[in-house]
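Structural features, examined
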Amino acid sequence: MTKGTAMADQQAPPQQKPGRRNFLSLLGAAVGTGVAAVAAEAAPKPAIPNYDWGEHQWGYGVDATKCIGCLRCVEACKTENNVAGDAHHFRTWVERYVYLEGETSARIDSQADPVNIAASGSEGKYRFADRYKDAKVEKAFFVPKLCNHCTHPACVQVCPTGATFKTADGVVVIDHTYCIGCQYCVQACPYGARFFNEELHVTDKCTWCYHRITKGLNPACVEVCPVSARIFGDLKDKQSPISKFIKDNRVQVLKRESGNAPNVFYVGLDKEVI
Amino acid sequence: MEPLFQAMPFTGYVYPNETVFAWSVLIVVYPYLTGLVAGAFTVSSLYQVFGFERLRPVAHFALLSSLCLMIFVPTPLLLHLGHPERAFNAMLTPHLSSAMAIFGYIAAFYVLLLMLETWFVFRPYIVQQAQARRGPFGLIYRIATLGSYDVSERAMQHDRKWIFALAVIGIPAAHGLHGYVGFVFGSLKSREWWSSDLMPVIFLFSAIISGTALLIVLYVLSCWLRRVRIDLACLKGMGYAMWGFLMFALVLEGVEFGALVYRGREGIEIIMEFVTGPLVVPFFILQFTVGAVTPILVLSYLFWRGTIGTRLAVGIVVSALLVMFSVLMMRYNVVIGGQEIAKTGKGLLAYRFELFGKDGILAAAAVVVAPLVLLSIVVQFLPPWHDPEPAKA
């Protein structure tokens, strides 16, 4: 993959300029607030061979009861998407929740915690340190995190240029050739899913590997997960893994009260999961 | 090689991406400058629209201050952008659901309004200079007349109508501009610290006090530099305005803070940890006690005792300096403080200042000082000190 141009060249649909089109269409009409938030729905289909984004609606599942915290997903994502190899830029990460005996709230860390980095020996290597080996652990589990590709994404709402938008097939992407790098979207995301790409001077985030899924492949993180804790598929296809996952489980979403209506569905959450 | 980013230390649990702050001290300076613009314009309007005659000595100076500050308002944003060369994307293809997309229009409209009002206010002086001066400066003034040399009473009457109309439009424009800045923060639901309906109003009142305070300081400084006697009635008028609005601002902030704590929604534990820990010095001591309560007490004492002369001037100027500092700290505590509370509600980050670099303290300080330098130049060409409209009633 071409270094540093992941979304602009390969993932964001090339014909996207919803803001511009939206502006023109609005010139003749009364200007209503909030109208632009749904601009992408009227966007023309991207020129991706053998792919019609009107035929799909992507969804993502996480079975937290299965995750073993091996962090292969994090590594695969960093490699696949040329994400900076440090402890401060992640398109996906994994959180560890540990209840020690006698404690009522969980101790939380991620692979980016200094203790875990010290254990792995490098910010570019991902490992959960055995930091609780001398304590009595009552309950412990892992929760993978990523962009929730919300139905009402706060990040898209606040973007001043329309550089970030929701595709017709349900993915929130960023046009790296149009983003001005104001980082308002980074502030607006309640999940901490966005970060600033210092190399390209634009914001960056998970795209569910749009360049892969539009070719019929799974996102890299789903592909490498050894325990199938990450599930991906087409919500329009009732036989897809994600449709079955949602049908067979009582799923939850993160920070439902935000009103963003996330599209990453979880099984096995806990009151402590944030 | 300079590192590409600076990661902030944290306690508790924060999302990994949160360790790099999205908004630096430049974004502290941005609402500070717009606040000064709105505040200075308020002082100008108190004379132009509401007829506060005692503010006449600073009315035109306030207008020029507002203009010079406004010209520099976009600079902290441009410096901060990852792609400043694409800044106009927000105006060419504004995303209408974005609060920030509208900034370019409001700012451009307001700069035009300020330039127009300044032109009308200084037109008689410009015409006089254009006719009297030769050489390059004369040429500048002749261009500045825009071909209009009519300074007859009829024309002046026409001008006064324009000035009044522009000043009236300018009030909602200036306050809308700054209220909108408050909305940029207050409308975000991702941060409990920002998410408040009161945010635009709080920004507005703090803007008015900071702009008035700036004018107090600049006016006294200008009198001192020009060896002119300070118009104490005018100074006291501004002192009254600052005093009154300061109390409003304090009440609003108190209500907002009280409501946040009292509601005690999810994450309140970490907010309380923040408030009783890292926020004690910047908020309770610097912003609240030193910057707000002290000037209220000083001004109350001065007004109660009927102090006059140099002591009054010194008291008001010291209070004004404290108020300016308090509002700067308020901006800091909102912009930086908001980012220090992790979105996880389970951790705190600590902002580390950069000295150099485009997001550093020096750049931010330069952005604050630049409009004052511009103002010191502009007043040479358009002296606001004497009344440029001899016929003005």
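Residues numbered from 1 in each chain as written. Chains lettered and ligands numbered in written order. Predicted model: local features only at pLDDT ≥ 70, side-chain atom pairs only at ≥ 80, totals over all residues. Heavy atoms only, no water.

Quick word on the overall build of chain B
Here is the rule: Secondary structure follows DSSP: runs of H or I at least 4 residues long count as helices, runs of E at least 2 residues long count as strands, and numbering of each begins at the N terminus. When a residue's accessible area, from a 1.4 Å probe over protein chains only, is under 20% of the maximum for its type it is buried; when over 50% it is exposed; and in between it is partly exposed. Contacts were defined at the residue level, with two residues in contact if any of their heavy atoms lie within 4.5 Å.
Helices and strands together make up the secondary structure of chain B, namely 13 helices and 2 strands. Across its three principal directions, the C-alpha atoms of chain B cover 70 × 55 × 40 Å. Buried positions account for 57% of the 393 residues belonging to chain B. Put simply, 79% of the contacts in chain B that link residues at least 6 apart link residues at least 24 apart.

Re the overall build of chain A
In plain terms, the rule: Accessible surface is estimated by sampling points in the Shrake-Rupley manner with a 1.4 Å probe; for residues, cover comes only from the protein chains shown.
When you go through chain A residue by residue, the secondary structure sums to 9 helices and 10 strands. Taking all 274 residues of chain A together, the buried fraction comes to 59%. In chain A, 64% of the contacts between residues at least 6 apart in sequence involve partners at least 24 apart. A total of about 11300 Å² of accessible surface is found on chain A, and carbon and sulfur atoms cover 52% of it.

With respect to the packing of helix H8 (residues 199-226) of chain B against helix H9 (residues 232-263) of chain B
All names here are of chain B. Going by this rule: Between N-to-C directions, angles cover 0 to 180 degrees, with each direction set by a line fitted to C-alpha atoms, over the stretch in contact for helices. Here the word oblique covers every angle except those under 35 degrees (roughly parallel), over 145 (roughly antiparallel) and from 65 to 115 (roughly perpendicular). Note on convention: near helix rotated counterclockwise from far helix by under a right angle means a left-handed crossing. Clockwise means right-handed. Gly is put with the polar residues, along with every residue not named as nonpolar or charged; the nonpolar set is Ala, Val, Leu, Ile, Met, Phe, Trp, Tyr, Cys and Pro, and the charged set is Asp, Glu, Lys and Arg.
In contact at an axis separation of 9 Å, H8 and H9 are set at 155° when each is read in the N-to-C sense. By the angle between their directions, the pair H8 and H9 is classed as roughly antiparallel. As for the relative orientation of H8 and H9, their crossing is left-handed in sense. For the contact of H8 with H9, the residue count by class is 20 nonpolar, 3 polar and 2 charged.

Here's the deal with the confidence of the model for chain A
Residues and elements named next belong to chain A. Stated precisely, the cut-off is as follows: Per-residue confidence from the prediction method is given by pLDDT, with values spanning 0 to 100.
Overall, the prediction assigns chain A a mean pLDDT of 88, with 84% of residues at 70 or greater. Note that pLDDT drops below 50 for residues 1-11; the model gives that stretch 33 contacts with residues more than four away or on any other chain. Here residues 14-41 is modelled with pLDDT under 50, and outside its nearest four sequence neighbours on either side it reaches 49 contacts, counting other chains as well.

Quick word on the packing of aromatic side chains
We describe a pair of aromatic rings using the distance from one ring centre to the other and the angle between the two ring planes. Threshold: Between 30 and 60 degrees the pair is tilted, below 30 it is stacked and above 60 it is edge-to-face, where a pair is any two Phe, Tyr or Trp rings, Trp via its six-membered ring, whose centres lie within 6.5 Å. Working rule: Lys NZ or Arg CZ, within 6 Å of ring centre, within 35 degrees of ring normal, means a charge sits over the ring.
All told, the structure shown has 38 aromatic pairs over all chains when counted by the stated rule. Aromatic pair B:Phe120 and B:Trp162: ring centres 5.3 Å apart, planes at 15°, arrangement stacked. Of the two residues, B:Phe120 sits in helix H5 (residues 103-132) while B:Trp162 sits in helix H7 (residues 153-186), which places them 42 residues apart along the sequence. Overall, B:Trp162 belongs to the partly exposed group, its relative accessible area being 38%. An angle of 85° between the planes, with centres 5.7 Å apart, marks the rings of B:Trp193 and B:Phe274 as edge-to-face. A residue pair is termed long-range when its members are at least 10 positions apart, and B:Trp193 in the loop between H7 and H8 and B:Phe274 in helix H10 (residues 268-275) qualify at 81 residues. One exposure class covers both B:Trp193 and B:Phe274, and it is buried. Clustering of aromatic rings is evident, with ring pairs tying together A:Tyr184, B:Trp23, B:Phe185, B:Trp194 and B:Phe203. Above the face of the B:Trp385 ring, B:Arg226 is positioned so that its terminal group lies 3.8 Å from the ring centre. Looking at B:Arg305, its charged tip hangs above the ring of B:Trp304, at a distance of 5.7 Å from the centre.

Some remarks on the pairing of strand S9 (residues 230-234) of chain A
Residues and elements named next belong to chain A. Inclusion rule: In short, DSSP must find at least two bridges between two strands for them to pair.
Buried residues dominate S9, accounting for 5 of its 5 residues. Pairing geometry for strand S1 (residues 58-63) and S9, over 5 bridges, is antiparallel. Each residue of the ladder has a partner; that of Gly59, found in S9, is Gly233.

Describing helix H1 (residues 26-48) of chain B
We count it as follows: Expected helix span is computed as 1.5 Å times (number of residues minus one).
Taking 1.5 Å per residue as the helical rise, H1(B) with its 23 residues ought to reach 33 Å, and the 33 Å between its terminal C-alpha atoms agrees with that figure. Counting buried residues along H1(B), 23 of its 23 residues qualify, which places the element largely inside the surrounding structure.

Comments concerning a nonpolar patch on the surface
Residues and elements named next belong to chain B. Where we set the bar: Like-charged residues within 9 Å of one another, or nonpolar side chains (Val, Leu, Ile, Met, Phe, Trp, Tyr) within 5 Å, are grouped into patches, provided each residue has over 30% relative accessible area and no salt bridge. Think of a salt bridge as a Lys or Arg side-chain nitrogen and an Asp or Glu carboxyl oxygen that are within 4 Å of each other.
Taken together, the side chains of Phe353, Leu355, Phe356, Ile361 and Leu362 define a hydrophobic patch exposed on the protein surface, amounting to about 500 Å² of accessible area. Tracing the sequence through the fold places Ile361 in helix H13 (residues 361-381). Overall, Ile361 belongs to the partly exposed group, its relative accessible area being 32%.

Comments concerning the sheet that holds strand S3 (residues 107-110) of chain A
Residues and elements named next belong to chain A. Across the sheet, which stays open at both edges, the 3 strands sit in the order S3-S2-S4 with antiparallel pairing between neighbours. Every other strand in the sheet has two partners, leaving S3 and strand S4 (137-146) as the edge strands with one partner each. Pairwise comparison of adjacent strand axes, ignoring direction, gives a mean angle of 20° for this sheet.

Some points on the pattern of salt bridges
Under the criterion given, the structure shown has 16 salt bridges over all chains. Its salt-bridge partner being B:Arg86, residue B:Glu85 comes within 4.0 Å of it at the nearest N-O pair. As a salt-bridge pair, B:Glu153 and B:Arg160 come within 3.0 Å of each other at their nearest N and O atoms. On the basis of relative accessibility, which here comes to 42%, the residue B:Glu153 falls in the partly exposed class. The network of salt bridges with shared partners includes A:Arg96, A:Asp109, A:Asp113 and A:Arg131.

Digging into the sheet that holds S1(A)
All names here are of chain A. With respect to topology, 3 strands assemble into an open sheet ordered S9-S1-S10, the strand pairing being mixed. For this open sheet the edge positions go to S9 and strand S10 (264-267), each flanked by a neighbour on one side alone. Pairs of neighbouring strands in the sheet enclose a mean axial angle of 20°, with direction left out of account.

Quick word on the interface of chain A and chain B
Applied cut-off: Accessible area that two parts lose when put together, with a 1.4 Å probe and added across both, is what the buried area reports.
In this complex, chain A contributes 62 residues to the contact, which on the side of chain B involves 44 residues. For the chain A and chain B pair, buried surface summed over both sides reaches about 4200 Å², with 58% attributable to carbon and sulfur atoms. When the buried area of chain A at its contact with chain B is split by residue, A:His88, A:Tyr184 and A:Gln187 rank highest and sum to 19% of it. Linking chain A with chain B are 1 salt bridge. Between A:Glu272 and B:Lys346 there is a salt bridge, with the nearest N and O atoms lying 3.4 Å from each other.

Quick word on the side chain of A:His56
All names here are of chain A. Residue placement: His56 occurs in the loop between helix H2 (18-27) and S1. Exposure remark for His56: the relative accessible area of 18% places this residue in the buried category. In this structure His56 touches Tyr51, Ala168, Asp169, Asp234 and Lys236, once residues within four positions along its chain are discounted.

A short note on the state of the cysteines
Residue and element names in this part refer to chain A. Rules: The disulfide criterion is simple: two cysteine sulfur atoms within 2.5 Å.
If you walk through the whole model with that rule in mind, you get 0 disulfides over all chains. We note that Cys67 lacks a disulfide partner, and the nearest cysteine sulfur, in Cys73, lies 6.3 Å from it. Here Cys73 is not disulfide-linked; the sulfur of Cys70 is the nearest cysteine sulfur, at 6.1 Å. Taking the relative accessible area as the measure of exposure, Cys73 reaches 8% and is therefore buried.

Describing the environment of B:Glu153
Definition in use: Throughout this description, a polar contact denotes any pair of N or O atoms lying within 3.5 Å of each other; where both atoms belong to protein, one of them has to be capable of donating a hydrogen while the other can accept it, and for residues adjacent in sequence the pair is counted only when both atoms sit in side chains.
Topologically, B:Glu153 is positioned in helix H7. A distance of 3.0 Å separates a polar atom in the side chain of B:Glu153 from a polar atom in the side chain of B:Arg160.

What to know about the nonpolar core
In a soluble, globular protein the nonpolar side chains are often hidden away together inside. Selection rule: In this description, a nonpolar core means a group of buried Ala, Val, Leu, Ile, Met, Phe, Trp, Tyr and Cys residues linked to one another through side-chain atoms lying within 4.5 Å.
Core analysis: the largest hydrophobic core is formed by 139 residues, its most contacted members being A:Tyr184, B:Trp23, B:Met70, B:Tyr110, B:Phe185, B:Trp193 and B:Met238. Those residues in contact with B:Met238 that sit more than four places away from it in its chain are B:Val43, B:Leu55, B:Val58, B:Thr212, B:Leu215, B:Ile216 and B:Tyr219. Core analysis: the second largest hydrophobic core is formed by 52 residues, A:Cys189, A:Cys206, A:Cys225 and B:Tyr15 among them.

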